[in-house]
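Spelled out, the chains give:
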Amino acid sequence: MVTAANEAQRAAWRSGGFPEVERVRPGLWSIPVPIPINPLRYVLVYALELPDGVAIVDAGWDTDEAYGALAAGLGTAGYEVTDVKAVLVTHIHPDHYGLAGRIREVSGAWIGLHPADSRLLRDRYDEAGIDDLVARERLLLVRSGVPSSLLDELAGASMMLRHYVTMARPDRLIEDGDLLGLPGWDLRAVWTPGHSPGHVCFVEQERRLLFSGDHVLPRITPIVAVHPQSAPNPLADYLEALAAVRKFDVDEVLPAHEYRFLELADRVDHVIAHHEERLAEIEAVVGAGDGVTCWDAATGLRWARPWETIPPFMRRGANNETLAHLVWLEARGRLRRVAGEPDLWFPA
Ligand SMILES: [Zn+2]
Ligand SMILES: [Zn+2]
């Protein structure tokens, strides 16, 4: 259990409410921006004051409600959307990237994104790439052993999310170790792939802060899944990227969801332990069977709620997350896969 940096913010999260716009440090603001149809409820956008405006870390979904909340939050800080000079996006997901293009249209801000996520934009958000993406997702689900009656529903399950994103190419690619060069801020990018191939965190060494995006959150763990746009072994990337941020000696972590918290290293250790438990659990499920599909393994695991009550979109996530663990175990020589339609998993 980590310590919340601001108890009122944590209480708002726990009660199902909405935290206040808050001045975190001189010149640094936290602005909760609502996200639709999602239990996370809001993304925390951080506004960093500059001599001639503000830079923001993440943007929110592309809805009028989100835009209005961001504009109002900037207003509390004494700014308007037209004052935004830079949008630093931690990763490509709609709750972080969706609104970036609209903000640029209004303000002329530059948008920064890691190249590994920038490469995914066309397939994910352009009409041209979408059919191919759905076809590849479908094949992945076939190989996972998803029952044919569920295939169509699961393969197309996230397509509606595209309506919350304005397609926008980044103006600047942010690489691992880049200094952002924002006046008054000692802000450096840290590439933290896993949840998304191009996820980045930002460390502020002068002020001893880590903007952690979805990479490290105080209470939940981000989904790390194999899917058509993931790296081959995203869980290996993710665990390595946890080690990469653990070494930072910071006082406070500023995540994109839930609430700010204090103990980075403790939280990282806890998340690593969670995945180790999950790996052992999956290894045991495979060990108890004789050629287990990914889907069977997923349905045999413990989840936060009964499997039958998990909606299709989230069941796909559960399948693909299970696959990430299977692939990790395969790479370590703890499981082996007999490829086919479906793939079957055995103890090594
Ligand atoms: Zn995300
Ligand atoms: Zn998120």
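Every value quoted in this text rests on a predicted model; they were computed, and no experiment measured them.

Colleague: Looking at this model, I keep getting lost on helix α4 (residues 100-107). Mind explaining?
Modeller: Structural remark: α-helix, 3.6 residues per turn; residues separated by three or four positions point the same way. Within α4 the residues assigned to the buried category are Ala-100, Gly-101, Ile-103 and Ser-107. Along the long axis of α4, the arc covered by the buried residues comes to 160°, so they all point the same way. Lining the buried residues of α4 we find β4 (53-57), α2 (64-76), β5 (84-88), α3 (94-97) and β6 (110-113).

Colleague: Whenever I open this one, the coordination of the zinc ion (ligand 1) confuses me. Can you help?
Modeller: In an ideal tetrahedron of four donors about a metal, each angle is 109.5 degrees. In an ideal octahedron of six donors, the angles are 90 or 180 degrees. Within the protein, the zinc ion (ligand 1) binds to His-91 (NE2), His-93 (ND1), His-195 (NE2) and Asp-214 (OD); these donor distances fall in the range 2.1 to 2.3 Å. Considering all four donor atoms around the zinc ion (ligand 1), the spread of angles at the metal, 89 to 178°, places the coordination shape in the irregular class. Between the zinc ion (ligand 1) and the zinc ion (ligand 2) the interatomic distance amounts to 3.5 Å, and Asp-214 serves as a bridging ligand to the pair. Of this pair, His-91 sits in the loop between β5 and α3 while His-195 sits in the loop between β8 (187-191) and β9 (200-204), and the two are 104 residues apart along the sequence.

Colleague: Explain helix α10 (residues 264-288) to me, please; I cannot follow it from the model alone.
Modeller: Helix length check: α10, at 25 residues, gives a terminal C-alpha distance of 36 Å against a target of 36 Å (1.5 Å per residue), a fit within 8%. Residues of α10 that are buried make contact with β10 (209-213), α9 (234-246), β11 (252-255), α12 (312-331), β12 (335-338) and β13 (344-347).

Colleague: What is the right way to look at the packing of α9 against α12 in this model?
Modeller: When two helices pack together, their arrangement is given by the angle between the helix axes and the distance between those axes. Where α9 contacts α12, the axes come no closer than 7 Å and their chain directions differ by 85°. For the element pair α9 / α12, the angle class is roughly perpendicular. For the pair formed by α9 and α12, the contact residues are Pro-234, Leu-235, Ala-236 and Leu-239 on the first element and Ala-324, His-325 and Trp-328 on the second. Split by residue class, the contact of α9 with α12 holds six nonpolar, one polar and no charged.

Colleague: What is the right way to look at the coordination of the zinc ion (ligand 2) in this model?
Modeller: Protein-derived ligands of the zinc ion (ligand 2) are Asp-95 (OD), His-96 (NE2), Asp-214 (OD) and His-257 (NE2), with the metal-ligand distances lying across 2.1 to 2.3 Å. Around the zinc ion (ligand 2), the four donor atoms are arranged such that angles at the metal cover 85 to 156°; this shape is classified as irregular. Read in sequence order, the donor residues coordinating the zinc ion (ligand 2) give the pattern D-H-x117-D-x42-H.

Colleague: Sorry if this is basic, but what is going on with the environment of Leu-344 here?
Modeller: Note that Leu-344 resides in strand β13. For Leu-344, a relative accessible area of 29% gives the class partly exposed. The sequence separation of Leu-344 and Trp-61 amounts to 283 residues, and the corresponding C-alpha distance is 38 Å. Discounting residues that sit within four places of it in the chain, Leu-344 has contacts with Gly-291, Val-292, Thr-293, Arg-336, Arg-337 and Val-338.

Colleague: Help me understand the sheet that holds β4 in this model?
Modeller: Read across the sheet, seven strands follow the order β1-β2-β3-β4-β5-β6-β7 without closing on themselves; strand pairing throughout is mixed. Each of the sheet's edge strands pairs with one partner strand only, and the pair in question is β1 (22-25) and β7 (172-173). The sheet contact formed by β4 and β5 spans four bridges and is parallel. Note on β5: the bridge partner recorded for Val-57 is Leu-88. Along the sheet face, α2 touches β2 (28-34), β3 (42-50), β4 and β5 and points at about 160° away from the line of β2. On top of the sheet, α4 reaches β4, β5 and β6; it is set at about 165° to β5, its chief contact.

Colleague: What is the right way to read the sheet that holds β10 from this model?
Modeller: Hydrogen bonding along the main chain pairs the strands of a sheet, whether they run parallel or antiparallel. If you trace the four strands from one edge of the open sheet to the other, you get β8-β9-β10-β11, paired in mixed fashion. The open sheet terminates on both sides in strands that have one partner only, identified here as β8 and β11. Between one strand axis and the next, the sheet turns by 25° as a mean value, whatever way the strands run. Bridge count for β9 against β10 is three bridges, and the pairing is antiparallel. What sits directly across from Glu-204, in β10, is Leu-209.

Colleague: In this structure, what is going on with the nonpolar core? I would like to understand it.
Modeller: One broad rule of soluble globular proteins: the nonpolar side chains tend to lie buried together. Counting 59 residues, the largest nonpolar core has Leu-74, Val-87, Leu-182 and Phe-202 as the members making the most contacts within it. If sequence neighbours within four positions are ignored, Phe-202 has contacts with Val-57, Leu-88, Thr-90, Ile-174, Leu-180, Leu-187, Arg-188, Ala-189, Leu-209, Leu-210 and Phe-211. Membership of the second largest hydrophobic core comes to 45 residues, among which are Ala-155, Leu-210, Val-226 and Leu-335.

Colleague: Just checking my understanding: could you explain empty space enclosed by the protein for this structure?
Modeller: Applying the stated rule across the entire model yields one cavity of 30 Å³ or more. The volume enclosed by the largest cavity comes to roughly 40 Å³. Pro-193, Gly-194, His-195, Ser-196, Pro-197, Ala-225, His-227, Ser-230, Ala-231, Pro-234 and Asp-237 together form the lining of the largest cavity.

Analysis parameters
- Residues numbered from 1 in each chain as written.
- Chains lettered and ligands numbered in written order.
- Predicted model: local features only at pLDDT ≥ 70, side-chain atom pairs only at ≥ 80, totals over all residues.
- Heavy atoms only, no water.
- Buried < 20%, exposed > 50% of the residue type's maximum accessible area, 1.4 Å probe, protein only.
- Helix = DSSP H or I, 4+ residues; strand = E, 2+ residues; numbered from the N terminus.
- Arc of directions from axis to C-beta.
- Contact = heavy atoms within 4.5 Å.
- Donors = N, O, S within 2.8 Å, 3.2 Å for Na, K, Ca; no water.
- Tetrahedral: all angles 85-135°; square planar, octahedral: opposite > 155°, others 65-115°.
- Expected span 1.5 Å × (residues − 1).
- Axes fitted to C-alpha atoms, helices over the stretch in contact; angles between N-to-C directions.
- Parallel < 35°, antiparallel > 145°, perpendicular 65-115°, else oblique.
- Nonpolar A, V, L, I, M, F, W, Y, C, P; charged D, E, K, R; others polar.
- Pairing = 2+ DSSP bridges.
- Core = buried A, V, L, I, M, F, W, Y, C linked by side-chain atoms within 4.5 Å.
- 1 Å grid on protein atoms, 1.4 Å probe; cavity = no way out; pocket = protein on both sides within 12 Å on 5 of 7 lines; lining within 4 Å.
- Points joined across faces, edges and corners; volume = space filled by probe spheres on them.

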